[in-house]
Amino acid sequence: MTEPLALASRRGRWVVAATVLGSSMALLDGTVVNIALPHIGEDLDSGVAGLQWTLSGYTLALASLILLGGALGDRWGRRRVFVWGTVWFAVASLLCGIAPDITFLVIARILQGVGAALLTPGSLAIISASLREEDRGAAIGVWSGLGGVAGAVGPLFGGWLVGVAGWRSVFLLNIPLAIVVVWAAVRHVPESRDPHPPEHLDVVGSACAVVGLGALTYGLIEVNPIVGLVGVLALCLFVVVERRSPSALVPPSLFRSRMFVAANLVTLAVYAALGGVFFLLVLQLQLVAGYSPVAAGVATVPITLALLLLSSRAGSYAQTHGPRLPMTVGPAVAAVGLVLMTRIGPDASYLTVVLPGVLVFGLGLAVMVAPLTAAVLGSVPVEQSGIASGVNNAVARTSQLLAVAALPALVGIDAESLVDPTSFSDGFRYAMYICVALLLVGAVIAAALIRTPIVEPVQEADSVACKPHCDLTGPAVQPNPIAD
């Protein structure tokens, strides 16, 4: 490996630029796809299930393969896998942009998720492995801050792009961005890899995760209990494999920390609510309230702004006083915001109806997300913080995936609802109450189980080196929680 780079050097700045642009490409794609869903459904004559798969196909591939993608980068070269992932993402984006029907689009979105699973963990891995130790914190701060700017601009830009150039442009835009990322990575990013990787990749564990999440998602979206049961069994097998594998993607020693378990239970409940809210809110605004794509995109900007302005203060409070209080209050405040959102109906005024719910919801998230990250990182030894945060990120993605798959069937939203505003609005309201319940469950878990983090020692044989590919900032690494 070459000598670590200074952030202030020309090459160091290019390293950060390449990783920021690569990760922001995936973030922007997710934001804009949410805004584009009504137009995709209308143009491709798709029902609710097709729109669910348009989001869930991507998230399914990303959630089940992201840890494997990081392991491949450690073994084969982080820059190499980052570039492969970017090229794969671009080709899949092209396929999305030319999709003739919803089935083709869903398959292309799954392929896009595979590319993102290779691309996403590589961005922080490259920063951690390429820059000097004293510059890494500042570089990660720049990476996260610029990602937040992309999250704030995404809804507005996405709505404008869909309105001016159509939904296909959302995917085709990735191609020139990917070309810039690949050029910058090949020219300026040094190669790095783990000098002592595990002897074998956990292929069996990865296969169980893919089959389990895939079958469970299919069972929920298509209301097929047999396939769903197959998914549950495959996920149970995944747990057995991880407990016995010498190169497990998810080391069992992590779960000896009760704080780590509690933080992930909160993540599971809260991020399921987020997945449901951001899937249905943009549809409600456009199909029922009559908002344009631009207006629907702008409507969610206060959530991101609240996260950008307040997350650091919430994180500082958690660092000083512990994460229990903000992790309890935050979900409860967000739940109040969702109750306010149930008032959104036909011709809803933004200032008096939409904004209050969106703003209160955003404030709740801003109070919660950084302390949740602090709880995850503070619950394990430092040498395990990377893989712990990576696991927490996968839990967040998985819970969002399952919420998008399950909620429409639970509240009676089907193909007919897309052309019947009254039916869709009723389903949206019921779904928000379910999400309120999930947020309150998260608050109760935090109040009962979260304590000031005390790192529990583990035997040296069980310790896992912190891998630079792991998401170093948990599920809130991007200030915008809207996921594909």
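Structure shown above.
Counting of residues starts from 1 at the beginning of each chain's written sequence and follows it residue by residue. Only residues with pLDDT of 70 or above have their local features reported here, since the model is predicted, and side-chain atom pairs are shown and tallied only from 80 upward, although totals for entire chains, interfaces and linings are computed over all residues. Based on all heavy atoms of the structure, the side-chain values leave hydrogens and waters out of the count.

Think of a 1 Å grid over just the protein atoms. A cavity is a set of points where a 1.4 Å probe fits yet cannot get out, a pocket is an open set with protein on both sides within 12 Å along at least five of seven lines, and lining residues have an atom within 4 Å of a point. Grid points are joined across faces, edges and corners, and a volume is the space filled by probe spheres set on the points. The volume enclosed by the largest pocket comes to roughly 760 Å³. For the lining of the largest pocket, the secondary-structure elements that each account for two or more residues are helix H2 (48–76), helix H8 (203–221), helix H9 (225–244), helix H10 (258–288) and helix H15 (385–411). Under the grouping applied here, Gly and all other residues not named as nonpolar or charged are polar, the nonpolar ones being Ala, Val, Leu, Ile, Met, Phe, Trp, Tyr, Cys and Pro and the charged ones Asp, Glu, Lys and Arg. When the residues that make up the lining of the largest pocket are grouped by side-chain class, the tally is 20 nonpolar, three polar and two charged. A run of DSSP states H or I qualifies as a helix once it reaches four residues; a run of E qualifies as a strand once it reaches two. Both are numbered from the N-terminal end.

Lines fitted to C-alpha atoms define the axes, with helix axes restricted to the stretch in contact, and inter-axis angles between N-to-C directions lie between 0 and 180 degrees. For the pair helix H13 (residues 324–341) and helix H16 (residues 421–449), the least separation of the axes is 8 Å and the interaxial angle reads 170 degrees. If you check the angle between H13 and H16, you find them roughly antiparallel. Within the contact between the two elements, H13 uses Arg324, Met327, Thr328, Pro331, Ala332, Ala334, Ala335, Leu338, Val339 and Met341 and H16 uses Phe428, Met432, Cys435, Val436, Leu439, Leu440, Ala443, Ala446 and Ala447. In terms of residue class, the contact of H13 with H16 is made up of 17 nonpolar, one polar and one charged. Roughly parallel means an angle under 35 degrees; roughly antiparallel means over 145; roughly perpendicular covers 65 to 115; every other angle is labelled oblique. Whether two residues are in contact is decided by their heavy atoms: any pair within 4.5 Å suffices.

The subject of this paragraph is the nonpolar core. The nonpolar core is taken to be a set of buried Ala, Val, Leu, Ile, Met, Phe, Trp, Tyr and Cys residues, with the residues joined through side-chain atoms within 4.5 Å. To sort residues, take the accessible area from a 1.4 Å probe on protein chains only and compare it with the maximum for the residue type: under 20% means buried, over 50% means exposed, and anything in between is partly exposed. If you look at the biggest cluster of nonpolar residues, it comprises 130 residues, and the most contacted ones within it are Leu105, Leu280, Leu338, Ile344 and Phe361. Beyond its immediate stretch of four places on either side in the chain, leucine 338 contacts Val277, Phe361, Met432, Cys435, Val436 and Leu439.

With that out of the way, let us pick up unusual backbone geometry. A positive phi angle is found at aspartate 45, which is not glycine, with a value near 55 degrees. Topologically, aspartate 45 is positioned in the loop between helix H1 (10–43) and H2. Within the chain, aspartate 347 stands out as a residue other than glycine whose phi angle is a positive 55 degrees. Within the fold, aspartate 347 resides in the loop between H13 and helix H14 (350–378). Taking the relative accessible area as the measure of exposure, aspartate 347 reaches 71% and is therefore exposed.

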